[in-house]
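Descriptive structure summary
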Amino acid sequence: MTTFEILLQQIGLFVIYILAGVTLVRTKVLNRETLEPISKFVIKMALPVMIFINIIDGVNKEILTGSWSILLIAAGFYAVMFLVSFGMTKFFHLSENCAGICQAMMLFGNIGFMAVPVISSVFPGNGILYVSVFMVFDQLMLWTLGVKLTTPTGSGGFELKKLINPATVIGMLLMLTGVRIPALLDTGLQKIGATASPLAMIYIGGIFAELPLKKYLKELSLYGIVLVRMLLAPLLMFLVLGF
């Protein structure tokens, strides 16, 4: 299967999951209230489990310590993207709450669902190892800076404990100490973690079914985010890493 076919397949799955969510809401099987438990399951169970499994199965202490260049590249990427996203929020004169959401959209992508299959196809050797190391830094940033950016203004003071994701902490500890979990437990957790992306997309589809999409299609800031995140940022990284 070619890289384009894999990418097309992943996008197709996205569309199917989102359409499933739209259909469930339009046919009254789900509504705003019944979508909420799906969101809670993804955030409280599926995503943390997926992060935990990616950390303990993706890398080990030796790989992590020998991949400092990947971590430095990841740190540099997020530093630049944070500054660019901050500049764009000022350029489009976004409100404080909207600015944080827009910055988060520019900084974080669905690496596990989209990038891993593509990279494993293009670089079947060490590709998965490198993306796993990158994902360690990505998940750390997502559950610290990402949480801070998406927390609504006025919802309470800054609390450090909100930025500590137990799945990341426990996963890092097990990875650094070399402790392995039983194979049966590992398999079970993989299955739970694998539900994160489909359920998240179904939830998003359900939300789409109740949103005035025409209103958001007129938001110029969204087109700016897509342009920078999906085109300019990858092109810049390709050019920089090519030297």
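Presented here is an overview of the structure given in this document. Keep in mind the model is a prediction, meaning the values are calculated, not measured. (Residues numbered from 1 in each chain as written. Predicted model: local features only at pLDDT ≥ 70, side-chain atom pairs only at ≥ 80, totals over all residues. Heavy atoms only, no water.)

What to know about the packing of helix α2 (residues 32-58) against helix α8 (residues 166-177)
Axis angle and axis distance: for two packed helices, these are the angle between their axes and the distance between the axes, and together they describe the pair. At a minimum axis separation of 8 Å, α2 and α8 run at an interaxial angle of 15°. In terms of orientation, α2 lies roughly parallel with respect to α8. Taken as a pair, α2 and α8 cross one another with a handedness that is right-handed. Contacts between α2 and α8 involve Pro 48, Ile 51, Phe 52, Ile 55 and Ile 56 from the first element and Ala 167, Thr 168, Ile 170, Gly 171, Met 172, Leu 174 and Met 175 from the second. The residue makeup of the contact of α2 with α8, split by class, is ten nonpolar, two polar and no charged. (Axes fitted to C-alpha atoms, helices over the stretch in contact; angles between N-to-C directions. Helix = DSSP H or I, 4+ residues; strand = E, 2+ residues; numbered from the N terminus. Parallel < 35°, antiparallel > 145°, perpendicular 65-115°, else oblique. Left-handed = near helix turned anticlockwise from the far one by under 90°. Contact = heavy atoms within 4.5 Å. Nonpolar A, V, L, I, M, F, W, Y, C, P; charged D, E, K, R; others polar.)

Concerning a nonpolar patch on the surface
A contiguous nonpolar surface patch, about 830 Å² in accessible area, is contributed by Ile 101, Met 105, Phe 208, Leu 213, Tyr 216, Leu 217, Leu 220, Leu 222 and Tyr 223. Contributing elements (two or more residues each) for the nonpolar patch: α5 (96-107), α11 (213-217) and α12 (220-241). Tracing the chain through its elements places Tyr 216 in helix α11. (Patch = residues over 30% accessible without salt bridge, like charges linked within 9 Å, V, L, I, M, F, W, Y side chains within 5 Å. Areas by Shrake-Rupley, 256 points an atom, 1.4 Å probe, with all protein chains shown as cover. Salt bridge = Lys/Arg side-chain N within 4 Å of Asp/Glu carboxyl O.)

A few points about helix α4 (residues 68-91)
Spanning 24 residues, α4 covers 34 Å between terminal C-alpha atoms, matching the ideal 34 Å at 1.5 Å per step. Immediately downstream of α4, the backbone of His 93 shows phi near 55°, a positive value. (Expected span 1.5 Å × (residues − 1).)

Brief notes about the packing of α4 against α12
The interhelical angle for the contact between α4 and α12, taken along N-to-C directions, is 145°, at an axis separation of 12 Å. The two elements α4 and α12 cross, and the hand of that crossing is right-handed. Side by side, α4 and α12 meet where Ile 73, Phe 77, Met 81, Val 84 and Met 88 of the first sit next to Gly 224, Ile 225, Val 228, Arg 229, Ala 233, Met 237 and Leu 241 of the second. Class assignment for the residues of the contact of α4 with α12 results in ten nonpolar, one polar and one charged.

A look at the pattern of salt bridges
Under the counting rule described, the total for this entry stands at two salt bridges. A salt bridge links Glu 210 to Arg 32; the nearest nitrogen and oxygen atoms lie 3.2 Å apart. Of the two residues, Glu 210 sits in the loop between α10 (196-208) and α11 while Arg 32 sits in helix α2, which places them 178 residues apart along the sequence. In this structure, Arg 180 engages Asp 57 in a salt bridge whose closest nitrogen and oxygen atoms are separated by 3.4 Å. Residue Arg 180 is located in the loop between α8 and α9 (183-193), and its partner Asp 57 is located in helix α2; the two are separated by 123 residues in the primary sequence. Judged by its relative accessible area of 33%, Asp 57 is partly exposed. (Buried < 20%, exposed > 50% of the residue type's maximum accessible area, 1.4 Å probe, protein only.)

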